[in-house]
Amino acid sequence: MKLAICYFSATGRTERLAKAIAAGALEQNPQWDVRCLPIGEVDKAHPENVEFVNGAEGVLVGSPDYYAAESWQMKQWLDTCPCRLAGKLAGVFATANFAVGGPGVAMEHMLTHLLVQGCMVYSGGGAYGQPFIHLGPISLRDHEEDGDGLGRLFGQRFAAQLARIAR
């Protein structure tokens, strides 16, 4: 099974969260091929990465929150995505400086893009109990260790759901 984690990271914080999510997914299913891919490397100039995403059963998309939206780089990538995302289980994650409002709206934007692309979306499973992950994990500035733990848990939950529906 393949899981593609596509992200934009200007400072390295979103990349860090992507890697924590990947670690959680691999803890759940160590035999899977899980790759963290910066969106700048998922384009026509990198056909091997586009093919990996095309062949993946699951895809996760992450971005920093800029003014209650995903980064313009992520928006452009989603608008012009060279990958076939229809039918995949998908989810989102975000990093932010502040918890209030912005990252949740940014994740809603990305989830809407994924729905329009034909993805089935996974939110993180608030019904699983604490810690609650409503739309996807968020890592806040100065609390990256907490974000790492939430990302790892989200990776485990996402991988478990992907395994259930891919049977």
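Residues numbered from 1 in each chain as written. Predicted model: local features only at pLDDT ≥ 70, side-chain atom pairs only at ≥ 80, totals over all residues. Heavy atoms only, no water.

Asker: Explain the packing of aromatic side chains to me, please; I cannot follow it from the model alone.
Answerer: Geometry of an aromatic ring pair is reported as the spacing of the ring centres plus the angle between the planes. Tallying each qualifying case throughout the model produces three aromatic pairs. Ring centres of tyrosine 122 and phenylalanine 154 lie 6.1 Å apart, and the angle between their planes is 40°; on these two criteria the pair is classed as tilted. Note that tyrosine 122 is positioned in the loop between strand S5 (120-121) and strand S6 (138-140) and phenylalanine 154 in helix H5 (residues 144-165), a separation of 32 residues in sequence. Comparing tyrosine 122 with phenylalanine 154 shows no difference in burial state: the two are buried. Relative to phenylalanine 158, the ring of phenylalanine 154 lies with its centre 6.1 Å away and its plane at 40°, an arrangement referred to as tilted. With phenylalanine 154 and phenylalanine 158 both in helix H5, this residue pair falls four residues apart, about one helical turn. Of the two residues, phenylalanine 154 and phenylalanine 158, both sit in the buried class. Through pairs of rings, three or more aromatic residues link up here, namely Tyr122, Phe154 and Phe158. (Phe/Tyr/Trp six-rings, centres within 6.5 Å; stacked < 30°, edge-to-face > 60°. Helix = DSSP H or I, 4+ residues; strand = E, 2+ residues; numbered from the N terminus. Buried < 20%, exposed > 50% of the residue type's maximum accessible area, 1.4 Å probe, protein only.)

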